[in-house]
Amino acid sequence: MTIHLYPDLRFEPSNNVLFNFYVKDIDEAYKFIKGNNIFIVKEHIGGFAYFNFQDKDGIVLRFVIVND
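These lines cover the structure that appears in this document, whether it is placed above or below. (Residues numbered from 1 in each chain as written. Predicted model: local features only at pLDDT ≥ 70, side-chain atom pairs only at ≥ 80, totals over all residues. Heavy atoms only, no water.)

## Quick word on the packing of aromatic side chains
No. 1: Using the criterion set out here, one finds 5 aromatic pairs in the structure.
No. 2: Between F51 and F63, the aromatic rings sit 5.4 Å apart at their centres with planes inclined by 40 degrees, giving tilted as the arrangement. You can see F51 sitting in strand 3 (residues 50-54) and its partner F63 sitting in strand 4 (residues 60-65), a full 12 residues away along the chain.
No. 3: Take F63: its relative accessible area is 13%, and that puts it in the buried class.
No. 4: Plain terms: the ring middles of F53 and F63 are 5.3 Å apart, the flat faces sit at 20 degrees to each other, and that makes the pair stacked. Of the two residues, F53 is situated in strand 3 and F63 in strand 4; the sequence distance between them amounts to 10 residues. In this pair, the class of F53 matches that of F63, namely buried.
No. 5: Connected via pairs of aromatic rings, a cluster forms that spans F21, Y30, F51, F53 and F63. (Phe/Tyr/Trp six-rings, centres within 6.5 Å; stacked < 30°, edge-to-face > 60°. Helix = DSSP H or I, 4+ residues; strand = E, 2+ residues; numbered from the N terminus. Buried < 20%, exposed > 50% of the residue type's maximum accessible area, 1.4 Å probe, protein only.)

Put into structure tokens, the structure is as follows:
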């Protein structure tokens, strides 16, 4: 087995959304994020409802409503 180590590799957070989480209740997801003091980056609640949030490592993620 070969293990490659990258000592010069540095993590830098992205300002772009890296993952989408699809939910049926965007309001419930929003309350959960706000209730856990997670930083909301951007929100749009309307026809296409979503909000972006940032995890503790600075990675931007998104919750999106699923319309059946």
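Read on, since the account is not over.
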